Amino acid sequence: MTRLIDNLTDSLTNEKREGRSWWTASRGVSGPLQTFSAKARSYGVGAVILTIAAAIRLYRLGDVDPWIDEGFCLRMTEFSYFDIWDKTAQDTHPPLYFWLLKLWQSIFGESIESARLMSVVLGTLTVLFSWLFARELTATEEARRDSNAWLAATIIALSPMHIHWASQVRMYVLLTTLSAAAAWLLVRVLKQSECCYGIWLLFAFLASSLVYTHVYGIFTVAALYGYTAGFLIVHRLARNHLWPCIVSMFAVYQVCSPWLLVLLEQQSRVRESFWIQPLTWESLGKAVFDQFYPTSSVSDAFPAAFKVAESALIGQCLLQLIVILLLGLCLSRRRFDGLLICLISIPMAISVGLSIAMRNIILGRYLIAVGLFVLVSIALVIARIPNRHFRTATGVFFVAVTVLLSSAHIYARKAAADSPALSVAVREYEKLRNKDEPIVVADPVLFLSVRPLANRPDSLRAFGSLGQHPFYLGTAVMSDLDFIDSSGVDALPRDWVWTLASIKGGRRRHVQLSSNWQLQAEKTFTKPNEKLILRLFRRRNGT
């Protein structure tokens with residue numbers, strides 16, 4: 001009897017050591033069943049977070065007016081894959097996003113909603129890979145693994161910055177998706193005791209894709225390989241990954257070297273002329289603040305309670321807190337915390353250095369991948385708070401603040417969707433014009449914004465000439481045939497012509513026709529931060 005009791009006691013002790021309660025053991029619940037239950041719960045919560053992320057990003061997706069950057073991307077897809085390479089070489093961004101967008105449109109259609117849907121998919125994948133990455137970072141901390149992954153995924157799913165760019169036709173969301181996927185894969189491969197050339201080549205593919213997505217992708221790749229080099233030096237047991245890592249670096253160099261030559265030409269063009277102002281503490285603060293709330297998405301219709309007048313000052317304070325966060329990760333000395341430190345500090349250091357040495361390249365949306373890893377780091381630090389009640393309270397507070405900011409952003413998006421002045425103006429023109437009556441818009445900005453909305457883009461022209469506008473206004477995707485000046489309007493075999501002008505921020509952009517034309521009608525369309533003026537002119541002595 002005594003031996004039976006001793007055996008039962010040892011059995012229960014072993015069950016507790018394996019993380020199972022006496023209650024579970026006494027009811028005969030097996031280890032695999034319990035593991036399956038834990039995984040089902042983890043993946044179930046993850047699926048809920050992904051669903052919420054997709055739903056938020058789909059909210060009124062096609063109701064907001066397109067703008068110049070979206071029009072630029074959509075116009076770029078009208079060229080062949082080879083021509084896209086040449087066109088992007090005349091601008092500032094690599095071609096990968098445009099290639100993917102063109103492929104997407106060939107399958108799902110060429111509408112603005114379809115193009116934005118690709119960004120929604122990529123934005124949801126960013127949340128997924130961030131969840132996997134955060135889960136992998138704390139895989140050895142069983143008690144905190146799920147809570148860290150859930151918190152990181154929730155914060156990113158509700159982040160206004162990521163919501164905003166996951167509903168835009170731009171490459172920034174592809175940058176975050178590839179960055180999160182590459183970071184997750186790197187942690188996975190470095191944890192393996194045996195080297196695998198296949199996984200390293202997959203990592204090289206992701207790294208090459210980053211280079212071909214955005215110039216900041218190069219900074220992220222530098223951070224990933226920089227951390228890997230330090231990891232292989234410190235951890236001798238992992239040195240069997242040395243040659244696969246070198247092979248992957250060589251593969252990235254071979255794939256990306258053709259674009260690196262083009263990049264040098266792009267940078268020389270940027271140094272000569274670009275729209276971003278010189279780097280100051282104020283602009284750096286605004287760029288950091290954008291990672292938590294993108295001020296560029298705030299319209300004039302925004303409630304005064306949600307306006308952020310001191311975004312630069314708050315951003316500077318946040319930058320200091322991020323430095324403290326990185327120092328805390330340094331002191332923790334956990335195995336993969338250094339990867340987060342590198343993914344945040346190295347791109348920041350390179351971008352600041354280049355901005356000081358040459359021309360400012362720091363902008364809030366350019367730092368979106370850095371902001372992504374800052375949010376993951378915050379979730380990681382919160383998940384490691386020893387006291388359970390304080391940890392829960394801190395996590396709930398941070399999620400609540402993120403919900404408040406995302407609600408404010410959704411309010412701004414709703415305000416923009418409720419006043420689509422550009423779409424209304426184009427529909428008015430399409431409804432009232434007679435056959436073959438052209439419309440002349442003030443500049444390339446309006447041209448690229450209007451073009452996705454026009455039923456007959458061939459009747460659309462930008463006023464002026466190609467050479468009088470800088471390259472950063474989208475002229476890389478335009479030709480001389482897209483422009484017309486006052487003498488060209490006079491030479492048109494038409495007696496009626498429409499024009500579209502804009503007043504924004506006190507700046508007037510008008511179409512100045514010759515005295516041969518007389519104004520017949522005018523209508524104004526107002527949205528929170530811009531006024532559009534649609535005019536109809538008739539040729540004097542015309543029919």
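Residue positions are counted from 1 within each chain, in the order its sequence is given. Per-residue local features are limited, in this predicted model, to residues with pLDDT of at least 70; the limit for side-chain atom pairs, both in listing and counting, is 80 or more; totals at the level of whole chains, interfaces and linings are taken over all residues. Working from all heavy atoms in the structure, the side-chain values ignore hydrogens and water.

Enquirer: In this structure, what is going on with the overall build of the chain? I would like to understand it.
Expert: Scanning the chain from terminus to terminus reveals 21 helices and seven strands. The proportion of buried residues among the 543 residues of the chain is 52%. Counted over contacts in the chain with a minimum sequence separation of 6, partners at least 24 positions apart contribute 74%. What sets the accessible areas is the Shrake-Rupley method with a 1.4 Å probe; for residues, cover comes only from the shown protein chains. Surface summary for the chain: the accessible area is close to 25400 Å², and the carbon and sulfur share equals 62%. Secondary structure elements are defined from DSSP: runs of H or I of at least 4 residues count as helices, runs of E of at least 2 residues count as strands, and each element is numbered from the N terminus. Working definition: with a 1.4 Å probe on protein chains only, accessible area under 20% of the residue-type maximum means buried, over 50% means exposed, and in between means partly exposed. When checking whether two residues touch, look at their non-hydrogen atoms; a contact exists if any pair is within 4.5 Å.

Enquirer: Would you mind going over the pairing of strand β7 (residues 530-539) with me for this structure?
Expert: Side chains on a regular strand alternate between the two faces of the sheet. Along β7, eight of the 10 residues are buried, which leaves the element largely enclosed by surrounding structure. Pairs of strands are assigned from DSSP output, requiring at least two bridges between the strands. Relative to β7, strand β4 (residues 496-504) is paired through eight bridges, and the arrangement is antiparallel. Opposite Trp 498, over in β7, you have Leu 536 as the bridge partner. Alignment of strand β6 (residues 517-527) against β7, held across 10 bridges, turns out to be antiparallel. Bridge pairing links Glu 522 to Arg 535 in β7. Here β6 folds back onto β7 in antiparallel fashion, the turn holding two residues.

Enquirer: Whenever I open this one, the packing of aromatic side chains confuses me. Can you help?
Expert: The description of an aromatic ring pair rests on the distance of the ring centres and on the angle between the ring planes. In summary, the pairing rule links any two rings of Phe, Tyr or Trp, Trp by its six-membered ring, whose centres are within 6.5 Å, and it sorts them by plane angle into stacked for under 30 degrees, edge-to-face for over 60 and tilted for everything else. The final tally for this structure, using the stated rule, is 24 aromatic pairs. Relative to Tyr 172, the ring of Trp 165 has its centre 5.1 Å away and its plane inclined at 70°; by these criteria the two rings are edge-to-face. For the residue pair Trp 165 and Tyr 172, the accessibility class agrees, reading buried in each case. With centroids separated by 6.0 Å and ring planes inclined at 85°, the aromatic side chains of Phe 274 and Tyr 472 adopt a geometry described as edge-to-face. With Phe 274 in the loop between α13 (242-272) and α14 (281-290) and Tyr 472 in the loop between β2 (460-463) and β3 (483-484), this residue pair connects regions lying 198 residues apart in the sequence. Under the relative-accessibility criterion, Phe 274 is labelled buried at 10%. Among the aromatic residues, ring-to-ring pairing joins Trp 67, Trp 165, Tyr 172, Tyr 216, Phe 219 and Tyr 366 into one connected group. Two conditions define a charge located above a ring, namely a distance within 6 Å from the ring centre to NZ of Lys or CZ of Arg, and an angle within 35 degrees of the ring normal. For the cation-ring pair, Lys 102 lies above Tyr 81, with the distance from its terminal atom to the ring centre recorded as 5.6 Å. One Lys or Arg, Arg 269, reaches over the ring of Phe 471 and ends 5.6 Å from the middle of that ring.

Enquirer: Teacher, can you tell me more about the pattern of salt bridges here?
Expert: Charged atoms that come close allow side chains of opposite charge to pair. Salt bridge criterion: a side-chain nitrogen from Lys or Arg within 4 Å of a carboxyl oxygen from Asp or Glu. Enumeration according to the criterion identifies 24 salt bridges in this entry. Close ionic contact of Arg 60 with Asp 418 constitutes a salt bridge, the shortest N to O distance being 2.6 Å. Here Arg 60 is found in the loop between α3 (31-58) and α4 (68-76), whereas its partner Asp 418 is found in helix α18 (residues 388-418), with 358 residues between them in sequence. The class for Arg 60 is partly exposed, based on a relative accessible area of 24%. Here Arg 170 ties to Asp 69 by a salt bridge, and the two come within 3.5 Å at their closest N and O atoms. Separated by 101 residues along the polypeptide, Arg 170 in the loop between α9 (160-165) and α10 (172-191) and Asp 69 in helix α4 bring together distant segments of the chain. Comparing Arg 170 with Asp 69, the two get one shared label, buried. One salt-bridge network, in which partners are shared between bridges, spans Arg 60, Asp 63, Lys 414 and Asp 418.

Enquirer: Just checking my understanding: could you explain empty space enclosed by the protein for this structure?
Expert: Think of a ball as big as a water molecule: rolled over the atoms, this probe shows where empty space is left. Cavities and pockets are found on a 1 Å grid laid over the protein atoms alone: a cavity is a set of points where a 1.4 Å probe fits but cannot escape, a pocket is an open set with protein on both sides within 12 Å along at least five of seven lines, and a lining residue has an atom within 4 Å of such a point. Grid points are joined across faces, edges and corners, and a volume is the space filled by probe spheres set on the points. On inspection of all chains with the given rule, the structure shows four cavities of 30 Å³ or more. Approximately 130 Å³ is the volume found for the largest cavity. At the level of secondary structure, the elements contributing two or more residues to the lining of the largest cavity comprise α12 (215-234) and α13. Residue polarity is assigned by list, with Asp, Glu, Lys and Arg as charged and Ala, Val, Leu, Ile, Met, Phe, Trp, Tyr, Cys and Pro as nonpolar; anything else, Gly included, falls into the polar class. For the lining of the largest cavity, the residue count by class is seven nonpolar, four polar and no charged. Here the second largest cavity defines a volume of roughly 60 Å³. Every residue lining the second largest cavity is listed: Ala 425, Val 426, Tyr 429, Ile 439, Val 450, Ala 454, Leu 460, Leu 500 and Leu 534.

Enquirer: Looking at this structure, I do not really get helix α5 (residues 81-89). What am I missing?
Expert: An α-helical segment advances 3.6 residues per turn. Residues three or four places apart therefore align on the same side. Regarding α5, the residues found buried are Ile 84, Lys 87, Thr 88 and Ala 89. Each element contacted by the buried residues of α5 is listed here: α4, α6 (96-108) and α13.

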